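Coordinate inspection notes
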Amino acid sequence: MIDIVGTFFVILGIPFFLSGTIGLLRLPDIYTRLHALTKADNVGLGFIILGLAIQATSWFEVAKLFLIWFLVLLASATSCHLVADAALRHNIKPWTKERA
Amino acid sequence: MISGSRFYMSYHVAALIWRFGIFSSLWLIFCGGKLDSLLVGLPVISAATWLHLCLAEDKAPRIRPLMLVRFMPFFGLRSLASAVDVMMRVCHPRLLINPGLIEYPLTIDHESGRVLLANCITLLPGTISARLTQDVIIVHTLDKGLPVLAIIGDLEARISKLYAPRSANMGGLS
């Protein structure tokens, strides 16, 4: 039972990763692509971590998994901000509907 | 400034215990809870605590743990919503986006809160933070039709509540 629930959450994470990649390919500029990558992948990883935590054998394993998720959240939000900031500094104009 | 030096002392003892507790928990998580690992762990934990106390900003406002616990479900649900939002937009045949930059004037007056706000904006539906200065945050949105300013205003209010009021914390120092 626990294995089924765990596997369900791990599989639930996959469409989020997939949509992150679809976004990376389809979206028009650096800023919009950052949206797809950070948000979708964070939640995708969240579900995979949740699925693995359900199947974990000890509480320390659970804590370690969630610590990994927290660190990835922190790192991806920060690097997303830094990439967007660097793009603005280099005067990369955001894609807009009007100019397309 | 009620009995300044005593307040200062108790603040530092509390800071020490908090940090020592957090670093010990981290060590035990890394080692899978094996207590004999503390033979190496205790010196490392002590060193980390000392280093963190040296590097920590004295002016950093204190976070209220209970408020943080209340903030977490809100944050979790919002980031889930943001991922679903991105998924719908990028998978739609016509790519439902109307992106643009928006400037938000900040009212939070400390660095820690500003950075937390910027990071949360990035994980919120439709927005990422692109530049952070003393009093303005520049946000990139996937959809200019969203009430971005109102959404960030709400988030900023929630984040301000995470911090203890100024007077209640480092009053004894300056």
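Described in the following lines is the structure provided in the data block.

**Considerations on the overall build of chain A**
Counting its secondary structure elements, chain A contains 3 helices and 0 strands. In sequence order, the secondary structure elements of chain A are arranged as α-α-α. Here the C-alpha atoms of chain A give a radius of gyration of 17 Å, more than 25% beyond the 13 Å that 2.2 N^0.38 yields for 100 residues. For chain A, the proportion of its 100 residues judged to be buried stands at 41%. If you take every contact in chain A between residues at least 6 apart in sequence, the share linking residues at least 24 apart comes to 68%.

**Considerations on the interface of chain B and chain A**
On the side of chain A, 38 residues touch chain B, which itself brings 40 residues to the contact. For chain B, the biggest contributors to the area lost against chain A are Ile29, Val90 and Arg131 of chain B; these three give 17% of the whole. Summed over the shared surface of chain B and chain A, the number is 2 salt bridges. For Glu98 of chain A, the salt bridge goes to Lys144 of chain B, with nearest N and O atoms at 3.3 Å. Considering only residue class, the side of chain B that touches chain A consists of 25 nonpolar, 13 polar and 2 charged.

**Considerations on the nonpolar core**
Among the nonpolar cores identified, the biggest contains 20 residues, and Phe71, Ile121, Ile137, Leu155 and Ile159 of chain B are the most heavily contacted of them. If near-sequence neighbours (up to four positions away) are discounted, Ile137 of chain B is found in contact with Ile102, Glu103, Tyr104, Leu106, Ala118, Ile121, Ser129, Arg131 and Leu132 of chain B.

**Some words on helix H1 (residues 2-26) of chain A**
With 25 residues, H1 of chain A extends 37 Å between its outermost C-alpha atoms, agreeing within 8% with the 36 Å of an ideal straight helix rising 1.5 Å per residue. By the burial criterion, the buried members of H1 of chain A are Gly6, Phe9, Gly13, Phe16, Ser19, Gly20 and Gly23 of chain A. Check the buried side of H1 of chain A and you find it contacts helix H2 (30-54) of chain A together with helix H3 (65-91) of chain B.

**Details of the packing of aromatic side chains**
How two aromatic rings sit relative to each other is set out by the distance from centre to centre and by the angle between their planes. One pass over the full model with this rule turns up 6 aromatic pairs over all chains. Residues Phe9 of chain A and Phe47 of chain A carry aromatic rings whose centres are separated by 6.2 Å and whose planes lie at 10° to one another, so their mutual orientation is stacked. Here Phe9 of chain A is found in helix H1, whereas its partner Phe47 of chain A is found in helix H2, with 38 residues between them in sequence. Residue Phe9 of chain A is classed as buried on the basis of its relative accessible area, which comes to 19%. Put simply, the rings of Phe8, Phe9, Phe16 and Phe47 of chain A touch in pairs and so form one group of aromatic residues. When the ring centre of Phe74 of chain B is taken as origin, the NZ or CZ atom of Arg158 of chain B, which lies over that ring, is 3.9 Å away.

**Here's the deal with the pattern of salt bridges**
Counted according to the given criterion, the structure contains 7 salt bridges over all chains. Residue Arg131 of chain B pairs with Asp85 of chain A through a salt bridge whose shortest N-O separation is 3.0 Å. Taken together, the positions of Arg131 of chain B in strand E2 (residues 127-132) and Asp85 of chain A in helix H3 (residues 59-89) put the pair across two chains. According to the relative accessible area criterion, Arg131 of chain B is partly exposed, its value standing at 22%. Under the relative-accessibility criterion, Asp85 of chain A is labelled buried at 10%. One salt-bridge network, in which partners are shared between bridges, spans Asp85 and Arg89 of chain A together with Arg131 of chain B.

**Re a nonpolar patch on the surface**
Residues Leu24, Leu25 and Leu37 of chain A make up a contiguous nonpolar surface patch of about 270 Å² in total accessible area. Take Leu37 of chain A: it is sitting in helix H2.

About the criteria used
- Residues numbered from 1 in each chain as written.
- Chains lettered and ligands numbered in written order.
- Predicted model: local features only at pLDDT ≥ 70, side-chain atom pairs only at ≥ 80, totals over all residues.
- Heavy atoms only, no water.
- Helix = DSSP H or I, 4+ residues; strand = E, 2+ residues; numbered from the N terminus.
- Rg over C-alpha atoms; globule rule 2.2 N^0.38 Å.
- Buried < 20%, exposed > 50% of the residue type's maximum accessible area, 1.4 Å probe, protein only.
- Contact = heavy atoms within 4.5 Å.
- Buried area = accessible area lost by both parts, 1.4 Å probe.
- Salt bridge = Lys/Arg side-chain N within 4 Å of Asp/Glu carboxyl O.
- Nonpolar A, V, L, I, M, F, W, Y, C, P; charged D, E, K, R; others polar.
- Core = buried A, V, L, I, M, F, W, Y, C linked by side-chain atoms within 4.5 Å.
- Expected span 1.5 Å × (residues − 1).
- Phe/Tyr/Trp six-rings, centres within 6.5 Å; stacked < 30°, edge-to-face > 60°.
- Lys NZ or Arg CZ within 6 Å of the ring centre and 35° of its normal.
- Patch = residues over 30% accessible without salt bridge, like charges linked within 9 Å, V, L, I, M, F, W, Y side chains within 5 Å.
- Areas by Shrake-Rupley, 256 points an atom, 1.4 Å probe, with all protein chains shown as cover.

Remember, this is a structural readout, not a statement about activity or role.
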